[in-house]
Amino acid sequence: MKQVEKLVTFQTTNSYTTLNSLSDKTKNVWLVFHGIGYLSRYFLKYFKDLPCDENYIIAPQAPSKYYLNNEYRHVGASWLTKENTALETINVLNYLDAVFDSENLPPSCNLIVFGYSQGVSIATRWVKHSKIKCHQLVLYAGGIPNELRPGDFDFLIENNTKVTALVGDQDEYINAERLQKEKERIKSLFSGKAKFKIFEGKHEVKKELLQQFI
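A brief look at the structure comes next. (Residues numbered from 1 in each chain as written. Predicted model: local features only at pLDDT ≥ 70, side-chain atom pairs only at ≥ 80, totals over all residues. Heavy atoms only, no water.)

**So, the overall build of the protein chain**
For the record, the criterion: A run of DSSP states H or I qualifies as a helix once it reaches four residues; a run of E qualifies as a strand once it reaches two. Both are numbered from the N-terminal end. C-alpha atoms define the radius of gyration in this analysis, and the globule rule sets the expected value at 2.2 Å times the number of residues to the power 0.38. Here's how the labels work: a residue is buried when its accessible area is under 20% of the maximum for its type, exposed when over 50%, partly exposed in between, all with a 1.4 Å probe on protein chains only. Contacts: residue pairs with any heavy atoms within 4.5 Å of one another. For every accessible area listed, the method is Shrake-Rupley and the probe measures 1.4 Å; residues are considered covered only by the protein chains on display. Asp and Glu count as negative and Lys and Arg as positive, but His and the ends of the chain are not part of the count. To locate a charge, take NZ of a lysine, CZ of an arginine, CG of an aspartate or CD of a glutamate.
Along the protein chain, the regular secondary structure elements total six helices and nine strands. Whereas a compact globule of 214 residues would reach a radius of gyration of roughly 17 Å, the protein chain reaches 17 Å, a difference of no more than 12%. The proportion of buried residues among the 214 residues of the protein chain is 44%. A separation threshold of at least 6 residues defines the contact pool for the protein chain, and within that pool the share at least 24 residues apart is 76%. Looking at the protein chain as shown, the accessible area adds up to about 12500 Å², and 48% of this sits on carbon and sulfur atoms. The averaged location of the 24 negative side-chain charges in the protein chain is 1 Å from the averaged location of its 27 positive side-chain charges.

**With respect to the nonpolar core**
Selection rule: Note on terminology: a nonpolar core comprises buried Ala, Val, Leu, Ile, Met, Phe, Trp, Tyr and Cys residues joined through side-chain atoms within 4.5 Å.
Counting 38 residues, the largest nonpolar core has Phe33, Trp79, Trp126, Val127, Leu137 and Phe190 as its most contacted members. For tryptophan 126, the contacting residues outside a window of four places in its chain are Leu31, Phe33, Leu93, Leu96, Asp97, Phe100, Val113, Lys131 and Ile132. Ranked by size, the runner-up nonpolar core spans 23 residues in total, among them Leu19, Leu50, Phe114 and Val205.

**Looking at empty space enclosed by the protein**
To keep things clear, this is the line we draw: Both site types are read off a 1 Å grid over the protein atoms alone. A 1.4 Å probe that fits but cannot get out defines a cavity, while an open set with protein on both sides within 12 Å along at least five of seven lines defines a pocket; lining residues have an atom within 4 Å of a point. Grid points are joined across faces, edges and corners, and a volume is the space filled by probe spheres set on the points. The nonpolar class holds Ala, Val, Leu, Ile, Met, Phe, Trp, Tyr, Cys and Pro. Asp, Glu, Lys and Arg form the charged class, and all remaining residues, Gly among them, are polar.
A full pass over the atoms with the stated rule returns two cavities of 30 Å³ or more. When its volume is computed, the largest cavity comes out at roughly 70 Å³. Leu139, Ala141, Gly142, Ala165, Leu166, Val167, Ile174, Leu179, Glu182, Ile186 and Phe196 are the residues that line the largest cavity. For the lining of the largest cavity, the elements supplying multiple residues, two or more each, are β8 (162-168) and α5 (176-189). Considering only residue class, the lining of the largest cavity consists of nine nonpolar, one polar and one charged. Estimated volume of the second largest cavity: approximately 40 Å³. Of the residues assigned to the lining of the second largest cavity, the class counts are five nonpolar, one polar and one charged.

**Notes on the environment of isoleucine 186**
Here isoleucine 186 shows up in helix α5. Sequence-wise, isoleucine 186 and aspartate 169 are 17 residues apart; in three dimensions their C-alpha atoms are separated by 18 Å. The contacts of isoleucine 186, once residues within four sequence positions are left out, are Ile144, Ala165, Ala194 and Phe196.

**Things to note about the layout of surface pockets**
In this structure, the largest pocket occupies an estimated 700 Å³ of space. Broken down by element, the lining of the largest pocket gets its largest block of residues, nine residues, from helix α2 (residues 85-103). Residues of the lining of the largest pocket, tallied by class, amount to eleven nonpolar, eight polar and four charged. What lines the second largest pocket is a set of 18 residues, among which Ser117, Gln118, Ser121, Gly143 and Arg178 lie closest to the centre. At three residues, the largest contribution of residues to the lining of the second largest pocket is made by helix α3 (residues 118-130). Taken together, the residues of the lining of the second largest pocket sort by class into seven nonpolar, eight polar and three charged.

**Remarks on the packing of aromatic side chains**
The line we're drawing: Between the rings of Phe, Tyr and Trp (Trp by its six-membered ring), a pair exists once the centres lie within 6.5 Å; its type follows the angle of the planes, with under 30 degrees stacked, over 60 edge-to-face, and the other angles tilted.
This structure, assessed with the given rule, holds 17 aromatic pairs. Ring plane angle 70 degrees and centroid distance 5.7 Å describe the contact between phenylalanine 43 and tyrosine 46, whose orientation is recorded as edge-to-face. Tyrosine 46 matches phenylalanine 43 in its accessibility class, with the two residues each being buried. Plain terms: the ring middles of phenylalanine 114 and tyrosine 140 are 5.7 Å apart, the flat faces sit at 45 degrees to each other, and that makes the pair tilted. Taken as a pair, phenylalanine 114 in strand β6 (residues 110-116) and tyrosine 140 in strand β7 (residues 136-140) lie far apart in primary sequence, 26 residues in all. Each member of the pair, phenylalanine 114 as well as tyrosine 140, carries the same accessibility label: buried.

Dropping the structure here:
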């Protein structure tokens, strides 16, 4: 018997979650991309200590949901897997463009794109794909996709975007060899303009570190 994999196109709907209100007092707009195993509404807890009048946070939701720990109680989500990655990436990028367009953000606000863990790969892909001229790009404890190349982010350099990469000195997912490779890759992709910071901690979001970006 012959087995054939086919494609079909259809319209779909996905949620996203926001924290605080967008107003005349808003100074910073954050687009924050959670890591694997999160739901967007729970990821926002890390940003609740930021001044609420000045910070508006948008948390897109990874589309692939599943039960955590095989207990069928708590739900997490993943952005991408190794299955049909190229196709699924297109779907995710189209979703993110829709989120961004729907918010109709004022140009007067500082736009901060923040990726954590698996969210780093999504943040960098989206910024490159849609040429998002953000004021800051924060790459927190995650790796940059292999398909991205030097030159992909030249528009950020021309925009004077501040790029910061952070990783914990006890991060259980990053050994010394990978850390060195990530440093070299970030230096190459951002023409040496990015800052690389190592903090005390594991593979975790530390709320106190977020204050430096406002």
